[in-house]
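Structural description and commentary
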Amino acid sequence: MSARSLLTGRVHVARSGFFEVETSEGRLVAKLRGRLKQGKWENDLVVVGDTVDVRPNDSGEASIESVAPRRSKFSRRHPVSRGREKEDVLAANLDVVLVAASASSPPLRPRLVDRFLAISEWNRLDAVVVVTKIDEAEDRPRIEALLLRYRAIGYEAVATSAKTGEGLDEVANAIRGRTAALLGPSGAGKSTLVNALEPGLDLDVAALGEAGKGRHTTRAAVLLPVRGGFVVDTPGIRELASFAIPVRELGSCFPEIDRAAVDCAYRDCVHMEEPDCMVRAAVERGEIDRTRYETYVSLLRGDDV
């Protein structure tokens, strides 16, 4: 292999400044070339899912020479100083987000699901609601009603069981030929779901603690081959749970609110106390689910959901 040849590949693992890049000549461990770092935030320059040009050297390592433009990204914002925010890019070139929630333990929290869906919308990515552990559900009719609620909005929503195989084919169809991000609270069974879809991966699964919260088993951002597509498993899920979407953009992250808002009397209506608000009117008529609207209000106020 020539030390001067450039290879194009995709980043499959990002860990502490090192990147595993899958190329036509195998997987290479690469570092970001120094000139690319100048005046920039290294963690955002290259993330899992990026397409990059790498230059191998005689030692078997490689340097990342350039990063191709991203067709999509998944990111979060957080404050860095008074009045200033920073956007962290977690993954690139995604097609869909799988929002996982458990039907048993930890208890399913619809408002947290709604928050993750809003984050997906903010990133302009399709989303699929995946309820795990349906075989352990004590109130399956409640779960089915919740899935119907999301389907009525326009989301694909499926109940799954890693034990019985229920719903796994539907999730596989959502992944096939695409790259998906896997989100959800700790303990929701994300690794168990991926293991059920692609048993050969044998991902670590952490047990739930006494409070019903699982330990995070993902230490690096990883691109996993699953059922003819890829799943990005990323750390930092706890930080996503406190993700703050800009107030003026929040309404557009709830599709049913965004549709109704077109007829509001005021273009800058935030659907709280303004007169002639068509969103609140739709809530009163039952056309917008009240619990979804309440989640929107909680996020607008910055409350913990």
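Structure first, text after, so check above.
Predicted model, so just to flag it, every value in this text is computed and none were measured.

So, helix 5 (residues 168–175)
- Buried within helix 5 are the following residues: Leu168, Val171, Ala172, Ala174 and Ile175. Down the axis of helix 5, the sector holding all buried residues measures 160°, keeping them to one side.
- Looking at the packing, one finds that the buried side of helix 5 touches strand 8 (96–102), strand 9 (126–132), strand 10 (156–159), helix 6 (190–197), strand 12 (221–226) and strand 13 (229–233).

Structural notes on the nonpolar core
- Counting 69 residues, the largest nonpolar core has Val54, Tyr150 and Tyr296 as its most contacted members.
- Excluding its chain neighbours within four sequence positions, the residues that come into contact with valine 54 are Ser5, Leu6, Leu7, Val21, Thr23, Leu28, Ala30, Ala62, Ser63 and Ile64.
- Grouped together as the second largest cluster of nonpolar side chains are 19 residues, Val130, Leu168, Leu182 and Val194 included.

Concerning the environment of aspartate 304
- Summarising the element assignment, aspartate 304 is placed in the segment after helix 11 (290–301).
- Residue aspartate 304 is classed as exposed on the basis of its relative accessible area of 72%.
- Sequence separation between aspartate 304 and leucine 112 is 192 residues, and the spatial gap between their C-alpha atoms is 9.2 Å.

Brief notes about the packing of aromatic side chains
- For the coordinates displayed, the defined rule picks out two aromatic pairs.
- Relative to tyrosine 296, the ring of phenylalanine 254 has its centre 5.8 Å away and its plane inclined at 80°; by these criteria the two rings are edge-to-face. Here phenylalanine 254, found in the loop between helix 8 (247–250) and helix 9 (255–261), pairs with tyrosine 296, found in helix 11; they are 42 residues apart in sequence, far enough to count as distant.
- Clustering of aromatic rings is evident, with ring pairs tying together Phe254, Tyr293 and Tyr296.
- Here the basic side chain of arginine 10 rests over the ring of phenylalanine 230, its NZ or CZ set 5.6 Å away from the ring centre.

Considering the packing of helix 5 against helix 6
- Close contact between helix 5 and helix 6 brings their axes to 10 Å; oriented N to C, the two are set at 90°. By the criterion of interaxial angle, the relationship of helix 5 to helix 6 is roughly perpendicular. Two secondary-structure elements touch here, helix 5 through Leu168, Val171, Ala172 and Ile175 and helix 6 through Leu193, Ala196 and Leu197.
- Residues belonging to the contact of helix 5 with helix 6 are distributed by class as follows: seven nonpolar, no polar and no charged.

Concerning the pairing of strand 3 (residues 26–32)
- Where strand 2 (residues 18–23) meets strand 3, six bridges bridge the pair, whose relative direction is antiparallel. Residue pairing in the sheet places threonine 23 in a bridge with glycine 26 of strand 3.
- Once strand 2 ends, the chain turns through two residues before running back antiparallel as strand 3.
- In terms of strand pairing, strand 3 meets strand 5 (residues 62–67) through three bridges, oriented parallel. Considered in strand 5, the bridge of alanine 30 is made with alanine 62.

Section: the pattern of salt bridges
- Applying the stated rule across the entire model yields 17 salt bridges.
- Glutamate 20 serves as the salt-bridge partner of arginine 27, at 3.1 Å between the closest nitrogen and oxygen.
- We note a salt bridge from glutamate 294 to arginine 111, for which the minimum N-O separation is 3.2 Å. Here glutamate 294, found in helix 11, pairs with arginine 111, found in helix 3 (residues 110–122); they are 183 residues apart in sequence, far enough to count as distant.
- Residue glutamate 294 is classed as partly exposed on the basis of its relative accessible area, which comes to 31%.
- Judged by relative accessible area, arginine 111 falls into the partly exposed class, the value being 31%.
- Through salt bridges with shared partners, a single ionic network connects Asp114, Arg149, Glu256, Asp289 and Arg292.

What counts, and at which threshold
- The residue count restarts for each chain, going from 1 along the sequence in the order it is written.
- Since the coordinates come from a predicted model, pLDDT governs what is reported: local features require at least 70, and pairs of side-chain atoms require 80 or more to be given and counted, while whole-chain, interface and lining totals use all residues.
- Note that water and hydrogens are dropped before the side-chain values are worked out from all heavy atoms of the structure.
- The buried label goes to any residue with under 20% of its type's maximum accessible area, the exposed label to any with over 50%, and the partly exposed label to all in between, with areas taken from a 1.4 Å probe on protein chains only.
- Note on conventions: DSSP H or I runs of at least 4 residues are helices, E runs of at least 2 residues are strands, and numbering of each starts at the N terminus.
- The directions from the helix axis to the C-beta atoms are what the arc is built from.
- Residue contacts are counted whenever heavy atoms from the two residues lie within 4.5 Å of one another.
- The definition of a nonpolar core used throughout is a set of buried Ala, Val, Leu, Ile, Met, Phe, Trp, Tyr and Cys residues joined through side-chain atoms within 4.5 Å.
- Any pair of Phe, Tyr and Trp rings, taking the six-membered ring for Trp, is counted once the centres come within 6.5 Å. Such a pair is stacked with planes under 30 degrees apart, edge-to-face with planes over 60 apart, and tilted for the rest.
- In this analysis the charged atom, NZ for Lys or CZ for Arg, is taken to sit over a ring once it is within 6 Å of the ring centre and within 35 degrees of the ring normal.
- To get an axis, a line is fitted to the C-alpha atoms, and for a helix only the part in contact is used. The angle between two axes follows their N-to-C directions and goes from 0 to 180 degrees.
- Roughly parallel means an angle under 35 degrees; roughly antiparallel, over 145; roughly perpendicular, 65 to 115; everything else is oblique.
- By the convention adopted, Pro, Cys, Tyr, Trp, Phe, Met, Ile, Leu, Val and Ala count as nonpolar, Lys, Arg, Asp and Glu as charged, and the other residues, Gly among them, as polar.
- DSSP calls a pair of strands paired once it identifies at least 2 bridges connecting them.
- The term salt bridge refers to a side-chain nitrogen of Lys or Arg lying within 4 Å of a carboxyl oxygen of Asp or Glu.

Interpretation in functional terms is not warranted from these geometric data alone.
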